[in-house]
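In case you want the letters, here they are:
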Amino acid sequence: MSGEELGALLAKEEISRQIYNYCRAVDRLDAALGYAVWHEDGTADYGESVYQGTGHGFIDFVIAAHGQMLAHSHQVTNVIIELDGDMASSEAYHFANLRMERDGQLIEMRVCGRYLDRWSRRDGRWAIDHRLTIRDFDSAGPVTAMSPSTQGSRDFSDPSYEFLEQKR
């Protein structure tokens, strides 16, 4: 493997990690982690009816909105990354399940779509310059929980923070 090929693999891994960090940030309500996914001047377009503005502003917006919910879980898959030196573009399919209570009824929303991101590497760090979110479909309806969540939390007390920081 050439040095150029290895560099491309590392860049793609760093970008993928940032995409995963975004999901972790919004699920754990971790603003600092979410801010790090975008460059300071990065922008986010989640549609006119949701949010258009800075990436950091979107993190503030989504954390405030998710803080009003009972639970949420975001996943990404089918990540495609195209590199061009210190610039890149990516498409990642996303699935978000969000639970809330309305009028005493447990409601679950499901959103399926794609993140179309433009990236740049500045000072050795890959981050988003611009994100366009495509909502392919969504649904909402009443659900019956099978059991209460007993271990996870949407903050730094979540067991994953301690687990991931432990040295083997």
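One can find the structure itself at the top, above this paragraph.
Draft legend 1. Representation of the packing of aromatic side chains in the model. With the rule as written, the count across this model stands at nine aromatic pairs. Between Phe156 and Tyr161, the ring centres sit 5.0 Å apart and the planes meet at 70 degrees, which makes this aromatic pair edge-to-face. Assessed through its relative accessible area of 57%, Phe156 is described here as exposed. Through pairs of rings, three or more aromatic residues link up here, namely Tyr22, Trp38, Tyr46, Tyr51, Phe58, Phe61 and Tyr115. The lysine or arginine in question, Arg131, covers the ring of Tyr22, its NZ or CZ lying 4.6 Å from the ring centre. Here the basic side chain of Arg131 rests over the ring of Tyr115, its NZ or CZ set 3.8 Å away from the ring centre.

Draft legend 2. Main features of the sheet that holds strand β1 (residues 38-45). On the basis of which strands lie adjacent, the open sheet formed by six strands has the order β2-β1-β6-β5-β4-β3 and mixed pairing. Both outer strands of the open sheet, β2 (52-54) and β3 (71-84), are each paired with one neighbouring strand and no more. Strand-to-strand twist across the sheet, computed as the mean angle between neighbouring axes with direction ignored, equals 15 degrees. Relative to β2, β1 is paired through three bridges, and the arrangement is antiparallel. Paired with Ala44 across the two strands is Gly53, which belongs to β2. The sheet contacts of helix α1 (residues 3-28) involve β1, β3, β4 (87-102), β5 (105-122) and β6 (125-142), and relative to β3 the element is tilted by about 160 degrees. Here helix α3 (residues 55-67) sits on the sheet and contacts β1, β2, β3 and β4; the angle it forms with β1, its principal contact strand, is near 60 degrees.

Draft legend 3. Region of interest: unusual backbone geometry. The phi dihedral of Asn78 falls on the positive side, at around 50 degrees, and the residue is not glycine. Within the secondary structure layout, Asn78 lies in strand β3. Even without glycine at this site, Asp123 takes up a positive phi of about 50 degrees. By relative accessible area, which is 84% here, Asp123 ends up exposed.

The rules behind the values
Residues numbered from 1 in each chain as written. Predicted model: local features only at pLDDT ≥ 70, side-chain atom pairs only at ≥ 80, totals over all residues. Heavy atoms only, no water. Phe/Tyr/Trp six-rings, centres within 6.5 Å; stacked < 30°, edge-to-face > 60°. Buried < 20%, exposed > 50% of the residue type's maximum accessible area, 1.4 Å probe, protein only. Lys NZ or Arg CZ within 6 Å of the ring centre and 35° of its normal. Pairing = 2+ DSSP bridges. Helix = DSSP H or I, 4+ residues; strand = E, 2+ residues; numbered from the N terminus. Axes fitted to C-alpha atoms, helices over the stretch in contact; angles between N-to-C directions. Contact = heavy atoms within 4.5 Å.

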